[in-house]
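For reference, the chains in residue letters:
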Amino acid sequence: MAYTRKDIEQQHTQYKGMMPRWEYFIRSYLGGKEFQDGKFLQEYQLELESEYFKRLAYTPLDNHCKNVIHIYSSFLFRVPPTRELGSLEQDATLDYFFDDADLEGRTFDALMREVQNYASVYGHCWVIVDKPSSNVMTRGEELEQGIRPYLNIYTPENVLDWKYTRSTNGYYYLEYLKIRESIEDDGEYYKIWYLDKIDTVFLPTANRDEPKLIESVPNPIGKIPAVILYNQRSPMRGIGISDLTDIADLQKSIYNELSEIEQIIRISNHPSLVKTRDTEAVGGAGSIIEIPDNIDANLKPYILQPSGSNLDGVLKSIAHKIESINRLSHVGAIRATGERIQSGIALRTEFQLLNARLAEKAKLMELAEEQIWRLYALWQETVFDGEIMYPTSFDIRDWATDLELLQQAKASNIKSATFTKELDKQIARTVIDDDEKLVVIDAEIEQNTQALGEFQPQPITLPTV
């Protein structure tokens, strides 16, 4: 099949609409120079280009986007998933796959964590389960040559076109997929997946040169081995919802207000001197201004210096936006750095909302990984009959508040042995994180706790004199 430049440059309609947002999200997540190059600072009227770039260089970024996503990731992968791979447990290449899932040295767990981070940023992330083509005849020869399935991660901006088709039983399957593999100085390499073949195409940089078909090989498994990990599902197939949809806009607003703070401080500390051309003056502390003897009194030099009183207003606006970010992401109690006055019910509600969002992410991770293992088994000419289970309950508690409540309950001196034992066990679970030691502690509490109750005082017999 001969490809034209139009065929290769063809993009999905959703890709064209989402590409600016994806670029905005990844720059907001990466921060640093990538964020500066996005030029998200609002330009002032009559501002020179040199002044604008200087302001870009001086304005810091408080990266809330990266912080929120890493908090989600730390909770999701705090407890590793349970993998029951069934018949795949006997596969000789399985250990190699877990240790080096992408043929570049990254473990399977590290790769899945990276996929989840990108899905949080973009809304979804693509994973291709591929296997090198070879002419070997046996599985043993494949093992000797290191030929086995591996994973490739593709962020949405590199997946230019795709097509889903609905089968007669109502199941949607991927019929066509075009991926940009790499960008070189002289052109770009694309891999185009069909149900029956896989084409590798080179698109030269020069607009007049037509694409070149580098390689075309049969697709041995008869389906496109692509898996989408959604962060949140959207009404559009192949498009997810990013965690940064609203947070990135708030971060950009804070970024602009930080620039305003820098300008207020700079101008307040270094006022502008207004003088005539003939007046001799230099800046700096202790400088001397020489003016002509016959100068008009109305033309004497003077200083323009703003009061800086609006600095507090800008700081309050930033604090309000940070509070909005915490409310949207449900991580306010975790991100709090100072004293935060909040009722126990409000904290518990916030933890429950965060737990619900993490549970939704875990279910989507579980679904995507099961699809990966099905494709892995398909490449190995077998069937995946196992089960993947990610944690769906994340014990997010305010331990300090719980401990204070338990101590207050114990100080109430309720005369019940059962109540006392249960309180002691709860206190132990709050401060001890070792399950084996907790079993010993529970046994000791059961043995050593004495029954409490109402006791009659013993009569006192006074000695006779």
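Just so it is clear, the structure is predicted and the values come from calculations on it, not from any experiment.

1. Describing the overall build of the protein chain
Each helix and strand counted, the protein chain has 15 helices and twelve strands in total. Here the protein chain holds 465 residues, and 39% of them are scored as buried. Accessible surface for the protein chain amounts to roughly 27600 Å². Of this, 51% is attributable to carbon and sulfur atoms.

2. Quick notes on helix 2 (residues 13-30)
Compared with an ideal rise of 1.5 Å per residue, which puts 18 residues at 26 Å, helix 2 spans 27 Å between its outermost C-alpha atoms and is within 8% of the ideal. All buried positions along helix 2 are accounted for by Y15, M18, W22, Y24, F25, I26, R27, S28 and Y29.

3. Points about the pairing of strand 4 (residues 159-166)
Note: strand 4 against strand 5 (residues 172-183), seven bridges, orientation antiparallel. Across the sheet, residue Y164 finds its bridge partner in strand 5, namely L174. What sits between strand 4 and strand 5 in their antiparallel hairpin is a turn of five residues, with G170 showing a positive phi close to 90°.

4. Some thoughts on the packing of helix 5 (residues 64-76) against helix 10 (residues 311-329)
Direction vectors running N to C along helix 5 and helix 10 enclose 30°, while the axes themselves pass 12 Å from each other. It follows from the interaxial angle that helix 5 and helix 10 lie roughly parallel. For the pair helix 5 and helix 10, the crossing hand works out as right-handed. Between helix 5, through H64, V68 and Y72, and helix 10, the contact on the second element is made entirely by I322, I325 and S329. Counted by class, the contact of helix 5 with helix 10 contains four nonpolar, two polar and no charged residues.

5. Things to note about the environment of E369
Among the structural elements, E369 can be located in helix 12 (residues 344-379). Take E369: its relative accessible area is 0%, and that puts it in the buried class. Here the alpha-carbon distance between E369 and Y390, two residues 21 residues apart in the chain, equals 9.8 Å. Excluding residues within four positions of it along the chain, E369 makes contact with R83, F108, M112, I388 and Y390.

6. Description of the packing of helix 14 (residues 417-431) against helix 15 (residues 435-448)
Contact pair helix 14 / helix 15: the axes reach a minimum separation of 10 Å and the direction vectors enclose 160°. Judged by the angle between their axes, helix 14 and helix 15 are roughly antiparallel. Of the two possible hands of crossing, helix 14 and helix 15 adopt the one that is right-handed. Of the residues in helix 15, those in contact with K421, D424, K425, A428 and R429 of helix 14 are L438, I441, D442, I445 and E446.

The rules behind the values
Residues numbered from 1 in each chain as written. Predicted model: local features only at pLDDT ≥ 70, side-chain atom pairs only at ≥ 80, totals over all residues. Heavy atoms only, no water. Helix = DSSP H or I, 4+ residues; strand = E, 2+ residues; numbered from the N terminus. Buried < 20%, exposed > 50% of the residue type's maximum accessible area, 1.4 Å probe, protein only. Areas by Shrake-Rupley, 256 points an atom, 1.4 Å probe, with all protein chains shown as cover. Expected span 1.5 Å × (residues − 1). Pairing = 2+ DSSP bridges. Axes fitted to C-alpha atoms, helices over the stretch in contact; angles between N-to-C directions. Parallel < 35°, antiparallel > 145°, perpendicular 65-115°, else oblique. Left-handed = near helix turned anticlockwise from the far one by under 90°. Contact = heavy atoms within 4.5 Å. Nonpolar A, V, L, I, M, F, W, Y, C, P; charged D, E, K, R; others polar.

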